[in-house]
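Descriptive analysis of the structure
The chain contents come next:
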Amino acid sequence: MEPGRRDSLALLTDLYQFTMAYGYWRAGRQREPAEFELFFRRCPFQGGFALSAGLGECLAFLRGFRLRGPEIKYLQSVLPSTMEKAFFDYLRTVDASEITVSSVPEGSIVFATVPLLQVKGPLLVVQLLETTLLSLVNYASLVATNAARFRMLAGPDKKLLELGLRRAQGPDGGLSASKYSYIGGFDWTSNVLAGKLYGVPVRGTVAHSYVMSFTSLAETLKPLDGDEPVDFLPLAESWLRQVCQTLQVPHDRVNQGELAAFMSCAIAFPHNFYGLVDTYSIMGGWDSQNFLPARPILLLALGRSGIPNFCAVALALNQLGYRAVGIRVDSGDLGKQAREIRQVLRTCSADFQVPWFATIPIAVSNDVSERSLEELMQEGNEIDMIGIGTNLVTCPLQPSLGCVYKLVKVNGCSKLKLTEDEEKMTIPGSKVVYRLYAATGLAFMDLMALEEEPPPRAGQEVAVCMLGRSEVARRVTPMAVEILHRTYFKDGQVCQALPSLLEIKSHAQASLSMLSPVHKRLQDPEPYQVAVTEKLHFLLSDLRRSSR
């Protein structure tokens, strides 16, 4: 959602929030102090963690939260006509000036049942905020987590490009995906508006349609300009003959339209020439029996018109003092083709004595998923950059994080949701959450305590009760203790300096580095420990008994 539209989100909610608000108002309870927590019940993608994201959007929403005349008029038209007019007059006075929001810093690793946001304020207002806050946090955290998983699979050195705008769930989904995949570890986006709005670095090459639009060398752009203009066409053709001879590719099988497209692109962008090399294939009619097996060049790469055409144009540019910046493959066996292309580049580098040619970056894209990326990384590859779209932005392995927003305290009384489904039971009371670290420097437990309890101290034993396990307390000794939440919004204002998107991205990587590899495994991770103090456990048990 575009930042400038934040002041119009007061109605981005479910209708029943207003029916409940009316119920509170009719009962005279609208100003009772209340506290809600926003959390998820299971880590996404059957993994062991999530990244918290969307806080900046939530704060922007809260800053502008207000019901104005047109919104009030619309509510009167859709709510029951029996509702008192005085209620709508009251709604005109509602804003977030008495709301307090505490949150983990954006980009932090978070775990099931641990609150991402703690929201305090008048009951009616905190109730009205529920759906919008969930909407702003759910997808943001999900796609940031998905991006982090892709980054972990790719390793720290591969460049990752998000290119999912055309596959995303609408324009807002596309913008959010670009922003939060960057937080999760991607380097670039193809989304130009995301670059303008959020400062995400943008990258792009060309599409197959550009290559296909050329049919002959007559369509090549005008020659390169400079101190001494050069006729680029004969220069590229000369290099093509040499490349074909070196690679043993029949010169008459190379697609002329593709060559024209590459030359036109090189003339337009001599400093940024990038070749999309898989538009045409020349496998048909090529006599592989005449290929000399002593040459260390593999067949698949040679079977593409794009490789000799690219090499010819790149070598022509090199003669004029320019360097091609990359090759892109968008189909087929990406790992195998990248290895074969690299071998061709090395051969040309050696034969034509152009050392940098061997290291031209190779980019791939083609419906890359977690599984296909994992296979690519396991088999070893020569890939430098990976473009990922559909399987990043649509999160097909889990389309929703499933965050919930639950009441934990109202009018001084702790509240518990008790159901037959143990997973849906809430943790009552105003809480402080501590992250406990081992001597290794890695986090080993998140501990929830009641607000009035003394904090755990580094080097001192603390009794804890594990959630969902035996009621018998155990003792742990943290070597370091961190308070997870900070107050970000109070008295109608943001009260913390907010980091830049790049700083949030850096924090996300630092936060992940503090988690043990056994918890970061993408399949079958060891569950991270979440516990409560004995005092909170006693409160939970008492409320359970009294609710039955």
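These remarks concern the structure in this document.

What counts, and at which threshold
Residues numbered from 1 in each chain as written. Predicted model: local features only at pLDDT ≥ 70, side-chain atom pairs only at ≥ 80, totals over all residues. Heavy atoms only, no water. Helix = DSSP H or I, 4+ residues; strand = E, 2+ residues; numbered from the N terminus. Buried < 20%, exposed > 50% of the residue type's maximum accessible area, 1.4 Å probe, protein only. Contact = heavy atoms within 4.5 Å. Areas by Shrake-Rupley, 256 points an atom, 1.4 Å probe, with all protein chains shown as cover. Lys, Arg positive; Asp, Glu negative; His and termini not counted. Charge placed at Lys NZ, Arg CZ, Asp CG, Glu CD. Axes fitted to C-alpha atoms, helices over the stretch in contact; angles between N-to-C directions. Parallel < 35°, antiparallel > 145°, perpendicular 65-115°, else oblique. Nonpolar A, V, L, I, M, F, W, Y, C, P; charged D, E, K, R; others polar. Pairing = 2+ DSSP bridges. Salt bridge = Lys/Arg side-chain N within 4 Å of Asp/Glu carboxyl O.

**Re the overall build of the protein chain**
Within the protein chain, the secondary structure is distributed over 19 helices and 21 strands. Across the 548 residues in the protein chain, those meeting the buried criterion constitute 55%. Of the contacts made within the protein chain by residues no fewer than 6 positions apart, 75% connect residues no fewer than 24 positions apart. Accessible surface, the protein chain: about 24,100 Å² in total, of which carbon and sulfur atoms supply 51%. Averaging the positions of the 55 positive and the 56 negative side-chain charges in the protein chain gives two centres separated by 5 Å.

**With respect to the environment of valine 481**
Its location among the elements puts valine 481 in strand β18 (residues 480-483). Apart from residues lying up to four places away in sequence, valine 481 is in contact with Tyr434, Arg435, Leu436, Pro456, Arg457 and Ala458.

**Things to note about the packing of helix α7 (residues 170-184) against helix α17 (residues 501-513)**
Packed helix pairs are characterised by how far apart their axes lie and by the angle those axes make with each other. One can describe the packing of α7 onto α17 by two numbers: an axis separation of 7 Å at closest approach and a directional angle of 45°. It follows that α7 is oblique to α17 by the angle criterion. Note on element contacts: α17 touches α7 through Leu501, Leu502, Ile504, Lys505, Ala508 and Gln509, opposite Lys179, Tyr182, Ile183 and Gly184. Class assignment for the residues of the contact of α7 with α17 results in 6 nonpolar, 2 polar and 2 charged.

**Points about the pairing of strand β16 (residues 462-466)**
Burial runs high along β16: 5 of the 5 residues are buried. Going residue by residue along β16, you find Val462, Val464 and Met466 tucked away on one face and Ala463 and Cys465 tucked away on the opposite face as well. Judged from the 3 bridges that link them, β16 and strand β17 (residues 474-476) form a sheet pairing that is antiparallel. For valine 462, the partnering residue across the bridge sits in β17 and is valine 476.

**Overview of the pattern of salt bridges**
Across all of its chains, the model carries 20 salt bridges by this definition. With a closest N to O distance of 4.0 Å, aspartate 89 and arginine 92 form a salt bridge. Judged by its relative accessible area of 38%, arginine 92 is partly exposed. Note that glutamate 370 and arginine 149 form a salt bridge whose closest N and O atoms lie 2.6 Å from each other. Of this pair, glutamate 370 sits in helix α15 (residues 370-379) while arginine 149 sits in helix α6 (residues 130-154), placing them 221 residues apart in sequence. The same class applies to glutamate 370 as to arginine 149, namely buried. Here the salt bridges share partners, and the residues they tie into one network are Arg342, Arg346, Glu382 and Asp384.

**Concerning the sheet that holds β16**
Overall, mixed pairing links the 6 strands, which are arranged β17-β16-β21-β15-β14-β18 in an open sheet. Every other strand in the sheet has two partners, leaving β17 and β18 as the edge strands with one partner each. In this sheet, adjacent strand axes meet at a mean angle of 40° when their direction is disregarded. Relative to β18, strand β14 (residues 431-437) runs antiparallel, the two being bridged by 4 bridges. Bridge pairing links leucine 436 to valine 481 in β18. Against the sheet, helix α19 (residues 534-547) touches β14, β15 (443-450), β16 and β21 (529-533), its axis set at about 80° to β21.

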